[in-house]
Amino acid sequence: MSQDKPIDVVSRELRGDILFVTVNNPPVNALGVEVRRGLVAAIDAADADPAVQAVLILGAGRNFIAGADIREFGKPPLAPYLPDVCNRIEACTKPVVAAIHGAALGGGLEIALAAHYRLAAPDAKLGLPEVLLGLMPGAGGTQRTPRLIGAKAALELMLSARQMGAQEAHSLGVVDRLVPEGDLLAHGLDYVRELLAVRAPVRRTRDAQALTDREANRAAIEAARVDVARKSAGLFSPGKIVEAVAVALEQPFDEGLRIERQLFLQCLDSPQRAGLIHAFMADREVLKAPETRAAKPRAIAHVGVVGGGTMGAGIAVAVLDAGLPVTMIERDEAALARGRAYVDKVYSGMVAKGRMSSDAKDSLMARLAGSTSYDALAAADLVVEAVFEDMAVKKAVFAELDRVCKPGAVLATNTSYLDIDEIAASVSRPGDVLGLHFFSPANIMKLLEIVVPARVSADVVATGFELAKKLKKVPVRAGVCDGFIGNRILAVYRQAADHMVEDGASPYQIDSALRAFGYPMGPFQVSDLAGGDIGWATRKRKAATRDPKARYVQIADRICERGWFGQKTGRGYYLYPQGARTGVPDPEVEAIIDAERVRAGITPRSLSGEEILRRYLAAMINEGANVVQQGIALRPLDVDVVFMYGYGFPRHRGGPMKYADTLGLPQVLADIREFAQQDPLFWQASPLLVDLVERGADFGSLNQAE
Ligand code: 3HC
Ligand code: NAI
């Protein structure tokens, strides 16, 4: 972490006969090497000093301890190791009490479990979320937790990664005492004094007895094994967690710790750990755009949405969910009623599923106002336009917004492809115009591209990030270009997929290869879900400006010409008999593909799943490099976040740019050059990729965080 860290990351203070040990390692008291050393020294001192009767461990600031220091993973480990620190605490001959407030996560909870008694403040959040980082608890957590609360509860905690509140931790037996809000130090002192008064013994979790019912615990482990095979296929660490808990049941504690360490190191070495920790860091780095550092956001208390179609209604739901009032503008009363009905349908669905009360729905709907007059937007602090994807229509809407909105209102467009600089230039206040590119369904999808036109003010961009925070979205800063970050790159690798179909792969084979890679769906399934008509309209719009020398595969057009737009029409690339949600391969589509190959004079060849992946991902990575080089994305990690949150890229691979680093950039470049022999116009290596390979560098070197 920071270079100028104070030496005293673990401070000691003797109050009467109790040694207060405070971890003070901002921002979250992670267990870096200095903290580990400090804790061991404190326990050694407590054991050695006859004046000390008990130890109280606390965290300074907002948290107890958030876990191991994630930034140390992947680097050579430094002693003392965390398991040894925990063992040293547990072995202390005087009672050790952990006073927990805020986060006690991962290694932080393991420290608390190694203490002999635990108390928790009302804001405590306890959990073992290592699995989210491709890891497993590695400092005794897989051995102490089941001994304390049984295999079933321990496995549930570790596999779900969820955080428990103080109450639940108390009823489960993870903490011994709940204390009220307020002075944790005083509450801690009271509790330790109470323990000393009754001569409470040193009570070690390694000796706890929750695994004595062997049958029940064995059954819980078996059930978890089945569950992991079903739900976490392809992930490495969940299986290791189950394995470690099975060892806890069968082996003595010390042997369990030894095996836990081995399994932990396997997880640590796995590319999934590298991918998931990259994703964790990238989630936080995307928030740090130049404008969010430079400017304060404007206040947002009231949001306007223009257009109540698929996106406008979804955006309205997202804003209502965040607790803000929304005013929706539509062309006429009928369209407004449809927009309102759309929003109503989302909430009715939740009421029907028991996820929301009808009272809660009523109060949400009460915050939705609608009008066919733009004057209703006079009080809005931020307006998102989501009307038809047509420059003339957008400009007409922005002229109205320019007329009615108060000074300082943010005027945002949800356009997918149009030139936002041109929209901004059409109003009298271009500094207030921003792109807010939501993804469909807008109330569900986490990604929000914050598209930054040339003339926008920094505080307007910061307001976009602030809105994302309120809506619990993941914001990524993007520059203006055709398709911004995500759709621009998508257009390229979708073409690579279409080329492969014309060359001999079936769409079903491509989808299957991508699912095997970790995508929830392949590109042709996604096309059927989203509706083939959208891409068809875009292709027709761009037909006039397409390079006549570029390869153009017409298969999608042949399918759309038949009115086969995907799920909504009962067939697309797949057949959806009787409204089925999962499609089945369609021989007629295969016949169309055959005919198109003949028309294009192509003799089909077979492509392996591996070649499909190489081509698909090389196209994605190469365009990702172009997007970074042109400043459309700030860093490679911004591309990664876009693909993980907007396009289903498997998180454990860390996004396409991180994945490229895992493959090795020379390999990616060699692939592109090999493919270029067949189609040099399509496969042009990105200058950034070439440069990085020449310098022996990787995309990670361009991410400030790494
Ligand atoms: N190590 C190093 N840095 C950490 C960290 C950790 N464990 N946890 C958080 N940070 C850093 C973040 O990167 C961020 O840095 P930045 O300011 O430079 O961007 C800063 O701390 C603040 O983090 P958040 O923005 O996430 O702050 P919040 O207040 O929103 O959340 C939190 C705090 C709930 C603690 C959240 O950060 C979190 O969930 N952290 C990860 C917890 C975790 O996964 N622990 C397990 C680690 S693995 C382990 O312990 C292995 C062991 O079993 C051997
Ligand atoms: P849609 O066709 O479902 O909805 C558009 C709505 O705008 C219609 O209800 C229409 O009545 C209304 N409208 C048209 N002109 C208007 C005007 N002058 N004043 C008020 N309302 C008007 O379209 P959709 O899919 O919601 O797309 C809207 C915008 O969002 C487009 O720019 C699109 O490119 C973009 N977008 C679409 C995504 C998608 O997956 N559908 C994803 C991300 C962005």
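Owing to the predicted nature of the structure, the values given are computational and were not obtained by experimental measurement. (Residues numbered from 1 in each chain as written. Chains lettered and ligands numbered in written order. Predicted model: local features only at pLDDT ≥ 70, side-chain atom pairs only at ≥ 80, totals over all residues. Heavy atoms only, no water.)

**What about the overall build of the protein?**
Helix and strand content of the protein: 29 helices and 19 strands. Its C-alpha radius of gyration of 29 Å places the protein within 12% of the 27 Å reference for a compact globule of 706 residues. For the protein, the spread of C-alpha atoms along the three principal axes comes to 85 × 60 × 55 Å. Expressed as a percentage of the 706 residues in the protein, the buried residues total 54%. For the protein, the share of sequence-separated contacts (at least 6 apart) that also reach a separation of at least 24 residues comes to 73%. Between the mean site of the 82 positive side-chain charges and the mean site of the 85 negative ones, the protein shows a separation of 1 Å. (Helix = DSSP H or I, 4+ residues; strand = E, 2+ residues; numbered from the N terminus. Rg over C-alpha atoms; globule rule 2.2 N^0.38 Å. Buried < 20%, exposed > 50% of the residue type's maximum accessible area, 1.4 Å probe, protein only. Contact = heavy atoms within 4.5 Å. Lys, Arg positive; Asp, Glu negative; His and termini not counted. Charge placed at Lys NZ, Arg CZ, Asp CG, Glu CD.)

**Some remarks on the sheet that holds strand β12 (residues 368–371)**
Taken in spatial order, the 8 strands make up an open sheet running β12-β11-β10-β13-β14-β15-β16-β17, and their pairing is mixed. Unpaired on one side and paired on the other, β12 and β17 (474–479) mark the two borders of the sheet. Across the sheet, the mean angle separating the axes of adjacent strands is 25° when strand polarity is ignored. As paired strands, strand β15 (residues 433–438) and strand β16 (residues 447–452) are joined by 4 bridges and run antiparallel to one another. Opposite L436, over in β16, you have I450 as the bridge partner. Each of β10 (303–306), β13 (382–385), β14 (410–413) and β15 is contacted by helix α16 (residues 391–404), which is oriented at about 165° to β14, the strand it contacts most. Contacting β16 and β17, helix α26 (residues 636–646) runs over the sheet at an angle of about 125° to β17. (Pairing = 2+ DSSP bridges. Axes fitted to C-alpha atoms, helices over the stretch in contact; angles between N-to-C directions.)

**A look at unusual backbone geometry**
P27 follows P26 through a cis peptide bond whose omega is 5°. Looking at the secondary structure, you find P27 in the loop between β2 (18–23) and α1 (33–48). Of the consecutive residues A79 and P80, the connecting peptide bond is found in the cis state with omega at -5°. Position of P80 relative to the elements: it lies in the loop between β3 (54–59) and α2 (82–91).

**Details of the site of ligand 1**
The full set close to ligand 1 counts 25 residues, and A68, G107, E110, E130 and R284 are the nearest of them. Within the backbone of A66, a nitrogen or oxygen atom sits 2.8 Å from a nitrogen atom of ligand 1. Here A68 contributes a backbone N or O atom positioned 2.8 Å from a nitrogen atom of ligand 1. Here ligand 1 has 990 Å² of accessible area as a free molecule, and 79% of this is covered by the chains. Of all the secondary-structure elements, those providing two or more residues to the shell around ligand 1 are α3 (107–114) and α11 (271–285). For the shell around ligand 1, the domains that each give at least three residues are domain 1 (2–260) and domain 2 (270–296 + 495–504 + 607–706). (Near = heavy atom within 4 Å. Polar contact = N/O pair within 3.5 Å; in protein donor to acceptor, adjacent residues only side chain to side chain. Areas by Shrake-Rupley, 256 points an atom, 1.4 Å probe, with all protein chains shown as cover. Domains from an automatic or database assignment.)

**Concerning the sheet that holds strand β5 (residues 103–105)**
Taken together, 3 strands build an open sheet; the order of strands is β5-β7-β8 and the sheet is mixed. Each having just a single partner strand, β5 and β8 (164–165) make up the two edges of the open sheet. The strands that α3 touches are β5 and β7 (125–127); relative to β5, the one it contacts most, it runs at about 85°.

**A closer look at the site of ligand 2**
If you check the shell around ligand 2, you find 23 residues, and the closest are M311, E330, E389, K394 and S416. A distance of 2.6 Å is found between an oxygen atom of ligand 2 and a side-chain nitrogen or oxygen belonging to K394. For ligand 2, the accessible surface in isolation is 830 Å², of which the surrounding protein chains cover 79%. Put simply, the parts of the chain that give the shell around ligand 2 at least two residues each are α13 (310–321), α16 and β15. In terms of residue count, the dominant contributor to the shell around ligand 2 is α16 (3 residues). Residue composition of the shell around ligand 2, by class: 10 nonpolar, 9 polar and 4 charged. (Nonpolar A, V, L, I, M, F, W, Y, C, P; charged D, E, K, R; others polar.)

**What about the pattern of salt bridges?**
Under the criterion given, the structure shown has 53 salt bridges. Between R635 and E285 there is a salt bridge, with the nearest N and O atoms lying 3.9 Å from each other. Here E285 lies in helix α11 and R635 lies in the loop between α25 (609–629) and α26, a separation of 350 residues in the sequence. The closest approach of N and O atoms between D344 and K361, which form a salt bridge, is 3.2 Å. (Salt bridge = Lys/Arg side-chain N within 4 Å of Asp/Glu carboxyl O.)

**Let's talk about the domain arrangement of the protein**
By a widespread convention, an interface's size corresponds to the accessible area lost as its parts come together. For the protein, the domain assignment lists domain 1 (2–260), domain 2 (270–296 + 495–504 + 607–706) and domain 3 (300–484). Between domain 2 and domain 3, the contact holds 17 residues from the first and 20 residues from the second. Taking both sides of the interface into account, the surface hidden between domain 2 and domain 3 amounts to around 1500 Å²; carbon and sulfur atoms contribute 73%. It is E291, I632 and Y645 that lose the most area in domain 2 upon contact with domain 3, and together they represent 39% of the buried surface on that side. Our enumeration of links across domain 2 and domain 3 arrives at 1 salt bridge. Linking R477 and E291 is a salt bridge whose minimum nitrogen-to-oxygen distance equals 2.7 Å. At the junction of domain 2 and domain 3, the tally comes to 2 residue pairs in polar contact (both at pLDDT 80 or more). Elements with a minimum of two residues in the side of domain 2 that touches domain 3: α12 (290–294) and α26. Class assignment for the residues of the side of domain 2 that touches domain 3 results in 12 nonpolar, 2 polar and 3 charged. (Buried area = accessible area lost by both parts, 1.4 Å probe.)

**Concerning the nonpolar core**
With 96 residues, the main nonpolar core has L401, I485 and F699 as its most contacted residues. By residue number, the principal contributor to this core is α25, which donates 11 residues. Shared between two domains, this core takes at least three residues from each, and those domains are domain 2 (270–296 + 495–504 + 607–706) and domain 3 (300–484). Listed in part, the 77 residues of the second largest apolar core include V9, C86, A115 and L135. (Core = buried A, V, L, I, M, F, W, Y, C linked by side-chain atoms within 4.5 Å.)

**Side note on a nonpolar patch on the surface**
A grouping of M521, V526 and L529 is seen on the molecular surface, where their side chains present a nonpolar patch of about 240 Å² in accessible area. Checked against the element boundaries, L529 lands in helix α21 (residues 523–530). Using a relative accessible area of 46% as the deciding quantity, one classes L529 as partly exposed. (Patch = residues over 30% accessible without salt bridge, like charges linked within 9 Å, V, L, I, M, F, W, Y side chains within 5 Å.)

**Re the packing of helix α20 (residues 507–517) against α21**
One way to put it is that α20 packs onto α21 with a least axis distance of 7 Å and a crossing angle of 105°. The angle between α20 and α21 places the two elements in the roughly perpendicular class. Of α21, the residues touching α20 (which contributes P507, I510, D511, L514 and R515) are P523, F524 and Q525. A class-by-class count of the residues in the contact of α20 with α21 yields 5 nonpolar, 1 polar and 2 charged. (Parallel < 35°, antiparallel > 145°, perpendicular 65-115°, else oblique.)

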